[in-house]
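A closer look at the structure
Listed below are the residues making up each chain.
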Amino acid sequence: MPRSSETIAALASALAKAQAELINPEKSLTATIRTGRPGDGERSFRYAPLSSGLDIVRKTLGQHEIATLQLLANGSLRIGRFVRSPRRLIPSAWAPR
(Lines give C-alpha, C1' and ligand atoms only; values in the text may rest on other atoms or scores of the structure.)
Protein backbone atom coordinates (compact mmCIF):
# COMPACT_ATOMS: atom_id res chain seq x y z
CA MET A 1 0.00 0.00 0.00
CA PRO A 2 1.48 3.37 -0.94
CA ARG A 3 2.28 5.84 1.78
CA SER A 4 0.90 9.31 1.30
CA SER A 5 0.74 12.54 3.23
CA GLU A 6 -3.06 12.32 3.29
CA THR A 7 -3.04 8.82 4.76
CA ILE A 8 -0.49 9.70 7.41
CA ALA A 9 -2.29 12.96 8.20
CA ALA A 10 -5.62 11.13 8.62
CA LEU A 11 -4.03 8.60 10.95
CA ALA A 12 -2.23 11.30 12.96
CA SER A 13 -5.48 13.21 13.33
CA ALA A 14 -7.38 10.12 14.48
CA LEU A 15 -4.61 9.20 16.93
CA ALA A 16 -4.57 12.72 18.38
CA LYS A 17 -8.34 12.63 18.90
CA ALA A 18 -8.14 9.18 20.50
CA GLN A 19 -5.26 10.24 22.76
CA ALA A 20 -7.30 13.19 24.04
CA GLU A 21 -10.03 10.74 25.12
CA LEU A 22 -7.77 8.27 26.94
CA ILE A 23 -8.25 8.07 30.69
CA ASN A 24 -6.16 6.49 33.42
CA PRO A 25 -7.43 3.13 34.62
CA GLU A 26 -8.66 2.88 38.18
CA LYS A 27 -6.03 1.67 40.64
CA SER A 28 -8.13 -1.13 42.06
CA LEU A 29 -5.39 -3.50 43.26
CA THR A 30 -2.94 -3.23 46.14
CA ALA A 31 0.48 -4.83 46.43
CA THR A 32 2.63 -5.13 49.52
CA ILE A 33 6.36 -5.65 49.21
CA ARG A 34 8.76 -6.69 51.93
CA THR A 35 12.11 -5.04 51.44
CA GLY A 36 14.07 -7.82 53.10
CA ARG A 37 16.19 -5.31 55.01
CA PRO A 38 15.90 -5.27 58.80
CA GLY A 39 13.88 -2.33 60.08
CA ASP A 40 12.45 -1.33 56.67
CA GLY A 41 9.21 -3.26 57.07
CA GLU A 42 6.74 -3.37 54.21
CA ARG A 43 5.71 -0.95 51.47
CA SER A 44 2.29 -0.93 49.87
CA PHE A 45 1.11 0.67 46.65
CA ARG A 46 -2.01 0.68 44.53
CA TYR A 47 -2.00 -0.18 40.84
CA ALA A 48 -4.34 -0.80 37.94
CA PRO A 49 -4.55 -4.21 36.29
CA LEU A 50 -3.10 -4.35 32.79
CA SER A 51 -6.45 -5.62 31.48
CA SER A 52 -8.13 -2.36 32.57
CA GLY A 53 -5.64 -0.26 30.65
CA LEU A 54 -5.93 -2.46 27.57
CA ASP A 55 -9.74 -2.25 27.70
CA ILE A 56 -9.56 1.56 27.74
CA VAL A 57 -7.10 1.67 24.83
CA ARG A 58 -9.05 -0.85 22.71
CA LYS A 59 -12.33 0.98 23.23
CA THR A 60 -10.89 4.42 22.50
CA LEU A 61 -8.93 3.35 19.41
CA GLY A 62 -11.93 1.37 18.16
CA GLN A 63 -14.16 4.43 18.37
CA HIS A 64 -11.75 6.13 15.96
CA GLU A 65 -11.49 3.05 13.70
CA ILE A 66 -7.84 2.47 14.57
CA ALA A 67 -6.33 -0.96 15.10
CA THR A 68 -2.80 -2.00 16.02
CA LEU A 69 -1.23 -5.24 14.84
CA GLN A 70 1.84 -7.23 15.77
CA LEU A 71 2.96 -9.80 13.24
CA LEU A 72 5.73 -12.37 13.21
CA ALA A 73 7.31 -12.92 9.82
CA ASN A 74 10.65 -14.32 8.65
CA GLY A 75 11.89 -14.70 12.23
CA SER A 76 11.40 -11.01 12.97
CA LEU A 77 8.75 -9.19 14.95
CA ARG A 78 6.94 -6.41 13.17
CA ILE A 79 5.72 -3.95 15.77
CA GLY A 80 3.32 -1.03 15.69
CA ARG A 81 1.31 -1.33 12.52
CA PHE A 82 -1.65 1.00 12.51
CA VAL A 83 -4.71 0.32 10.42
CA ARG A 84 -7.26 3.05 9.87
CA SER A 85 -10.56 2.49 8.11
CA PRO A 86 -11.05 2.23 5.22
CA ARG A 87 -8.02 0.08 4.39
CA ARG A 88 -5.29 2.52 5.37
CA LEU A 89 -2.21 0.76 6.66
CA ILE A 90 0.91 2.39 8.02
CA PRO A 91 3.63 -0.30 8.19
CA SER A 92 6.47 -0.15 10.68
CA ALA A 93 10.08 -1.18 10.36
CA TRP A 94 11.25 -4.72 10.96
CA ALA A 95 12.66 -5.44 14.40
CA PRO A 96 15.18 -8.31 14.23
CA ARG A 97 15.07 -10.98 16.92
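Being a predicted model, the structure only gives us computed values, none of them experimental.

Here the chain averages 78 in pLDDT, while 66% of its residues score no lower than 70. Confidence, expressed as mean pLDDT per element, reaches its minimum in the chain at strand β6 (residues 94-95) with 46 and its maximum at strand β1 (residues 29-34) with 94.

Our focus in this paragraph is helix α1 (residues 5-21). Between the first and last C-alpha of α1 there are 24 Å, a value that for 17 residues agrees with the 24 Å anticipated at 1.5 Å per step. Residues of α1 that are buried include every one of Thr 7, Ala 10, Leu 11, Ala 14 and Ala 18, and no others. Seen from one end, α1 has its buried residues packed into an arc of 95 degrees, which puts them on one side. Residues of α1 that are exposed and angled more than 90 degrees away from the buried face: Ser 5, Gln 19 and Ala 20.

Turning next to a nonpolar patch on the surface. Where nonpolar side chains cluster on the molecular surface, the patch consists of Leu 29, Ile 33, Phe 45 and Tyr 47 and spans about 330 Å² of accessible area. Elements that contribute at least two residues to the nonpolar patch include exactly β1 and β2 (42-47). Among the secondary structure elements, Tyr 47 is positioned in strand β2.

As for its placement among the helices and strands, Ile 66 is situated in strand β3 (residues 66-73). Looking at Ile 66, the relative accessible area reads 6%, which means it is buried.

The subject of this paragraph is unusual backbone geometry. In this structure, Glu 65 takes a positive phi of about 55 degrees despite not being glycine. The class of Glu 65 is partly exposed, set by a relative accessible area of 44%.

Here we come to the pattern of salt bridges. Under the defined criterion, the tally for this structure stands at 2 salt bridges. The closest approach of N and O atoms between Glu 42 and Arg 34, which form a salt bridge, is 3.3 Å. The salt bridge partner of Arg 58 is Asp 55, with a shortest N-O separation of 3.6 Å. Taken as a pair, Arg 58 and Asp 55 lie in helix α2 (residues 50-63) at a separation of 3 residues, close to a single helical turn. The exposed category is assigned to Arg 58, whose relative accessible area is 55%.

Now for α2. Over its 14 residues, α2 extends 20 Å from the first C-alpha to the last, a length consistent with the 20 Å expected when each residue adds 1.5 Å. Regarding α2, the residues found buried are Gly 53, Ile 56, Thr 60 and Leu 61. Buried residues in α2, looked at end-on, bunch into an arc of 115 degrees, giving them a common side. The exposed set on the far side of α2, more than 90 degrees from its buried face, consists of Arg 58 and Lys 59. Positive phi shows up at Glu 65, right after α2, with a value of about 55 degrees.

Conventions adopted
Residues numbered from 1 in each chain as written. Predicted model: local features only at pLDDT ≥ 70, side-chain atom pairs only at ≥ 80, totals over all residues. Heavy atoms only, no water. pLDDT = per-residue confidence, 0-100. Helix = DSSP H or I, 4+ residues; strand = E, 2+ residues; numbered from the N terminus. Expected span 1.5 Å × (residues − 1). Buried < 20%, exposed > 50% of the residue type's maximum accessible area, 1.4 Å probe, protein only. Arc of directions from axis to C-beta. Patch = residues over 30% accessible without salt bridge, like charges linked within 9 Å, V, L, I, M, F, W, Y side chains within 5 Å. Areas by Shrake-Rupley, 256 points an atom, 1.4 Å probe, with all protein chains shown as cover. Salt bridge = Lys/Arg side-chain N within 4 Å of Asp/Glu carboxyl O.

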